[in-house]
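# Fold and contact review
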2 protein chains.
Amino acid sequence: MPTETTTILVNQFLSVHFDSVQRVLNTRTMSTDAAETPLTSVKEARRFMIDCLKAVDTPTEHAEAMADLLVEADYRGIFSHGMNRLGMYVNDVKAGACDAKAVPKILQETPATAWVDGQNGLGAVVGNFCMSLAIEKAKNVGVGWVCAKGSNHYGIAGMYSMMALERGLLGMSFTNTSPFMSPTRSKKAALGTNPLTLAAPGENGESFILDMATTTVAVGKIEMQKRKDEPIPHGWAQDSEGESTTDAFEAYDVGCLMPLGGREITSGYKGYGLGMLVEIFCGILSGSLYGPYIRKWGSTADVANLGQCFIAIDPKCFAPGFECRMSDLMNYLHNMEPADPSKPVLVAGDPEKAYKVLVDKAGGIRYIKNQLDTCLQLAKELNVVPLQHLQHTCDC
Amino acid sequence: MPTETTTILVNQFLSVHFDSVQRVLNTRTMSTDAAETPLTSVKEARRFMIDCLKAVDTPTEHAEAMADLLVEADYRGIFSHGMNRLGMYVNDVKAGACDAKAVPKILQETPATAWVDGQNGLGAVVGNFCMSLAIEKAKNVGVGWVCAKGSNHYGIAGMYSMMALERGLLGMSFTNTSPFMSPTRSKKAALGTNPLTLAAPGENGESFILDMATTTVAVGKIEMQKRKDEPIPHGWAQDSEGESTTDAFEAYDVGCLMPLGGREITSGYKGYGLGMLVEIFCGILSGSLYGPYIRKWGSTADVANLGQCFIAIDPKCFAPGFECRMSDLMNYLHNMEPADPSKPVLVAGDPEKAYKVLVDKAGGIRYIKNQLDTCLQLAKELNVVPLQHLQHTCDC
């Protein structure tokens, strides 16, 4: 949850940059497809998630951890990783592909490192365990570097980095994922979207929060172009021959995302290298599955056995005044002259912080109709109280 | 220097992929502009570098460290960072902007971290000191994380990662640099090309060596298009209005490189975020200069006061068999079906390893005429023995 200071600062930022942020947000679900749906309070969304997970015998504490993770994604406007994935997690547990009761176990450790077996537990359970351990180690010796095997999808990677942030530390987290990305020059996918994230504290609750897939875009963005019947730019995805395509339908069917940088001429091999970096920190260090051996997206036929990596760094072990320099640099960037006056220069994390303020102003999250229908269906299937909505209308 | 096994493996790789690697290398200096110049042995190139640096009162040990760094770049085909920069380092020392005698000092440390003052010493001296310290800490507690302020240009970032690699560790290094990159949406540059690198060991001397600027390309690539009077692709650089340009001449004059990913529509903000990540690890953690405050490229009016970060990780602290999994994944990637059969799928570091083999086969490095002229000029200015060349002709 944001502190009061954060909210004031974000409000100040919004008062200057509101139009631009609004434009960013217009590419998200809340302000487009969802205009006519009722609002859901953050608390109620969380309640529904907990109930659904408990209905498939997830212990309360584990269900709460998952709900905190998922609701935070929706609160930040990252709808792909929130309620949208609840059904998938429920299915994983129901099918026995994921053990909702499992508790992670430390296999080996030093003052600065730990190798953890997630024991096929829920992603948030493994992630929280590992990042807490990394934070403890960073508080003791300056750095904590924890790798887990036997994990499951852990939601927004930034969630774990922010755990470190809340304790005044720098936080990083990485996960491997099902194959979706084509290594430069290759016809097929071999690595996942493999996200990486870094959170770093500034002054007065300010922060830098980078949370990015190492592919140019996620599949969701292609899906949106498809829905609009519009082409995609070169550099997003490949056709079946391994060439960059602008056809959203073909891109979606082939399912080969391009690494950040796109084609070889625009240095796509760097994004491919970054995808490998994430895989090295996750699957290769932890001994989980890796790259092409990870199960297909959405499959519950096998356990996921994902690898994840969590790093915490204590800035106090280096030059004093970290937060001050961090805020100064972010302030410099925010005040740079933009090419288009209506699009101010942003810093990683700005759009998500602004979205939280919008949700607070509106009084709740506005899910799209399709999502609400899915929730209703899930409530019936699992025999839990359906998602309740707020009665008043948002005026933001 | 490569082990015998590495050379055999690279030779095997080359025997399969020679044409493709040759094509990669054809974009480098050795096989194009330099066809008619004489060869220089690696040993002689190193001797010349040491002599030039000693001529401006650099202690032998420090001159050797710099020469090892620069000659390794040329040996790997990264000509921009080798002999090409010798004059710049000499000028920095002559002008008093860099203190060639300075020895780095530890300001603060824990079992896993160190904060170092480079004391304005030569980049290789600071880099070697910091990475050695990181390696020692990784050997003790699994991770070593060292940040230095008061440093200078430290050549190819990969050099330091490879120091860790040689000891069976994962190595990373980062440096901030003079402003050249425009944050997404901005008209001007505020961050450097800010490279990041990761080296990781496979089996039998195999390795993954990622060494990349967080901009789409370096200035040198634009310079080459300019020389050929050819356009550049979108996503490389901006015009004076902050828009992506295809005009190599304008791009070169404006000097605003775009972050990896290029324009906003192709997720250039991720490359901008990565440039920030490097700056956070370098300038912000170490308390050196950062971002827009770093001196202009090539200036000797002020000290550089660069920030750098060095990380070593011991894979033995995690799942056994790291090298085996690493080699397996690289092998999988090398054997993927390429979109164009003449362009096999590569892994980060392949082209540079192949280049070393070509240099060995040729018996030396083939510098372009312009570089040889500069060396002759430098020899006269500094009164050192000019660079000597081999008499025989390369048959590769």
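Above this note sits the structure.
Please read all numbers here as calculations on a predicted model, not as lab measurements. (Residues numbered from 1 in each chain as written. Chains lettered and ligands numbered in written order. Predicted model: local features only at pLDDT ≥ 70, side-chain atom pairs only at ≥ 80, totals over all residues. Heavy atoms only, no water.)

## Here we look at the overall build of chain A
Test applied: Each helix is a run of H or I in the DSSP string that is no shorter than four residues. Each strand is a run of E no shorter than two, and both are numbered from the N terminus. Working definition: with a 1.4 Å probe on protein chains only, accessible area under 20% of the residue-type maximum means buried, over 50% means exposed, and in between means partly exposed. Contacts are assigned to residue pairs with any non-hydrogen atoms lying within 4.5 Å of each other. We get accessible surface area from the Shrake-Rupley algorithm with a probe of 1.4 Å; when it comes to residues, only the shown protein chains can shield them.
Helices and strands together make up the secondary structure of chain A, namely twelve helices and nine strands. Per-residue burial for chain A yields a buried fraction of 63% across its 396 residues. For chain A, long-range pairs separated by at least 24 residues make up 68% of all intrachain contacts whose partners lie at least 6 apart in sequence. Carbon and sulfur atoms form 51% of the exposed surface of chain A, whose accessible area is close to 14,600 Å².

## Points about the sheet that holds strand β4 (residues 170–175) of chain A
Where we set the bar: Strands pair, by our definition, only if DSSP identifies at least two bridges between them. Here an angle of 0 to 180 degrees is reported between the N-to-C directions of two axes, which are lines fitted to C-alpha atoms, with helices fitted over the stretch in contact.
The seven strands lie next to each other as β1-β2-β3-β9-β4-β5-β6 (chain A), forming an open sheet whose pairing is mixed. Strands with a single pairing partner mark the edges of an open sheet, and in this sheet they are β1 (105–109) and β6 (207–212) of chain A. Within this sheet the neighbouring strands show an average axis-to-axis angle of 15°, counted without direction. Where strand β2 (residues 113–117) of chain A and strand β3 (residues 143–151) of chain A come together, five bridges link them in parallel fashion. Following the sheet pairing, Asp117 of chain A is matched in β3 of chain A by Lys149 of chain A. Strand contacts of helix α9 (residues 268–286) of chain B: β4, β5 (196–201) and β6 of chain A, with the helix running at about 135° to β6 of chain A, the strand carrying the most contacts.

## Considering the state of the cysteines
Residue and element names in this part refer to chain A. Condition: Cysteine sulfur atoms are paired as a disulfide whenever they come within 2.5 Å of each other.
One pass over the full model with this rule turns up zero disulfides over all chains. Left unpaired, Cys147 is separated from the closest cysteine sulfur, that of Cys309, by 4.0 Å. In this structure Cys147 comes out as buried when scored by relative accessible area, which is 0%.

## Things to note about the relation of the copies chain A and chain B
So the rule is basically this: The atoms used to superpose the copies are C-alpha atoms, taken from residues with pLDDT of at least 70 in both, and the fit is least squares.
Laying chain A over chain B is done by rotating through 180° and shifting 0.0 Å along the axis; what remains is an RMSD of 0.0 Å. The transformation just described matches what one would write down for a two-fold rotation axis. No C-alpha of chain A lies nearer the rotation axis than that of Gly261 of chain A, which sits 2.1 Å from it. In this assembly the copies share their binding face: 100% of the residues contributing to the interface of chain A also contribute to that of chain B.

## Observations concerning the environment of Leu329 of chain A
Mapped onto the elements, Leu329 of chain A comes out in helix α10 (residues 322–334). Exposure remark for Leu329 of chain A: the relative accessible area of 0% places this residue in the buried category. Remark: the alpha-carbon pair of Leu329 of chain A and Asp340 of chain A, spanning eleven residues in sequence, is separated by 21 Å. Ignoring any residue separated from it by four or fewer positions in sequence, one finds Leu329 of chain A in contact with Met276, Glu279, Ile284, Tyr290 and Pro292 of chain B.

## Details of the packing of aromatic side chains
Put simply, the rule is: Pairs were defined over the aromatic rings of Phe, Tyr and Trp, the Trp ring being its six-membered one, requiring ring centres within 6.5 Å. Orientation was assigned from the angle between planes: stacked under 30 degrees, edge-to-face over 60, tilted for the rest.
A complete count under the given rule lists 18 aromatic pairs over all chains for this structure. Both rings, one in Tyr160 of chain B and one in Phe310 of chain B, keep their centres 5.6 Å apart while their planes meet at 85°; by these two values the pair is edge-to-face. Separated by 150 residues along the polypeptide, Tyr160 of chain B in helix α6 (residues 158–165) and Phe310 of chain B in strand β9 (residues 306–313) bring together distant segments of the chain. As far as burial versus exposure is concerned, Tyr160 of chain B and Phe310 of chain B are alike and both buried. Linked through ring pairs, Phe79, Tyr355 and Tyr367 of chain A together constitute an aromatic cluster.

## Some remarks on α6 of chain B
All names here are of chain B. Taken across its eight residues, α6 has eight buried, putting it largely inside the fold. Of all the residues in α6, the buried ones are Gly158, Met159, Tyr160, Ser161, Met162, Met163, Ala164 and Leu165. Structurally, α6 contributes buried residues whose contacts are with α3 (60–75), α5 (123–141), β4 (170–175), β5 (196–201), β6 (207–212) and β9.

## A look at the interface of chain A and chain B
To keep it simple, the criterion reads: When two parts are put together, the accessible area they lose, computed with a 1.4 Å probe and summed over both, is reported as buried area. Basic side-chain nitrogens of Lys or Arg form a salt bridge, by our definition, when they fall within 4 Å of a carboxyl oxygen of Asp or Glu. Polar contact criterion, stated in full: a pair of N or O atoms within 3.5 Å, where within protein one must be able to donate a hydrogen and the other to accept it, and residues adjacent in sequence count only if both atoms are side-chain atoms. Only Asp, Glu, Lys and Arg are considered charged, only Ala, Val, Leu, Ile, Met, Phe, Trp, Tyr, Cys and Pro nonpolar, and every remaining residue, Gly among them, polar.
Between chain A and chain B, the residue contacts involve 89 residues of the former and 89 residues of the latter. Between chain A and chain B lies a buried interface of about 7,200 Å² when both sides are counted; carbon and sulfur atoms form 71% of it. It is Arg185, Lys270 and Phe318 of chain A in chain A that bury the most area against chain B; as a group they hold 11% of the surface buried on that side. Linking chain A with chain B are two salt bridges. Between Glu337 of chain A and Lys187 of chain B there is a salt bridge whose closest N-O contact spans 3.1 Å. The tally of links from chain A across to chain B stands at 32 residue pairs in polar contact (both at pLDDT 80 or more). At 15 residues, helix α9 (residues 268–286) of chain A tops the list of elements feeding residues into the side of chain A that touches chain B. Here the side of chain A that touches chain B is built from residues that sort into 57 nonpolar, 19 polar and 13 charged.

## Observations concerning the sheet that holds β9 of chain B
All names here are of chain B. Spatially, seven strands are ordered β1-β2-β3-β9-β4-β5-β6 in an open sheet, and the strand pairing comes out mixed. The two strands at the open ends of the sheet, each matched to only one other strand, are β1 (105–109) and β6. Neighbour to neighbour, the strand axes of the sheet diverge by 15° on average, direction disregarded. Across four bridges, β1 lies against strand β2 (residues 113–117) in antiparallel orientation. Counterpart to Ile106 in the pairing with β2 is Val116. Lying on the sheet, α5 is in contact with β1, β2, β3 (143–151), β4 and β9; it crosses β3 at an angle near 160°.

## A closer look at the packing of α9 of chain A against helix α10 (residues 322–334) of chain B
Heads up, the condition is: Helix crossings get a hand from a simple test, with the near helix turned counterclockwise from the far one by less than a right angle marking a left-handed crossing and a clockwise turn marking a right-handed one.
Their axes nearest at 10 Å, the elements α9 of chain A and α10 of chain B cross at an angle of 145°. Considering only the axes of α9 of chain A and α10 of chain B, their crossing is right-handed. Within the contact between the two elements, α9 of chain A uses Tyr272, Met276, Glu279, Ile280, Gly283, Ile284 and Leu285 of chain A and α10 of chain B uses Phe322, Arg325, Met326, Leu329 and Leu333 of chain B. For the contact of α9 of chain A with α10 of chain B, a count of residues per class yields nine nonpolar, one polar and two charged.

## Remarks on helix α4 (residues 86–94) of chain A
Three- or four-residue spacings in an α-helix give side chains the same orientation, since the helix completes a turn every 3.6 residues. Residue and element names in this part refer to chain A. Most of α4 is tucked away: seven of the nine residues are buried. Regarding α4, the residues found buried are Leu86, Gly87, Met88, Tyr89, Val90, Asp92 and Val93. Residues of α4 that are buried sit in contact with α2 (42–55), α3 (60–75) and α12 (369–382). Looking one or two places after α4, you find Gly96, whose phi comes out positive at around 80°.

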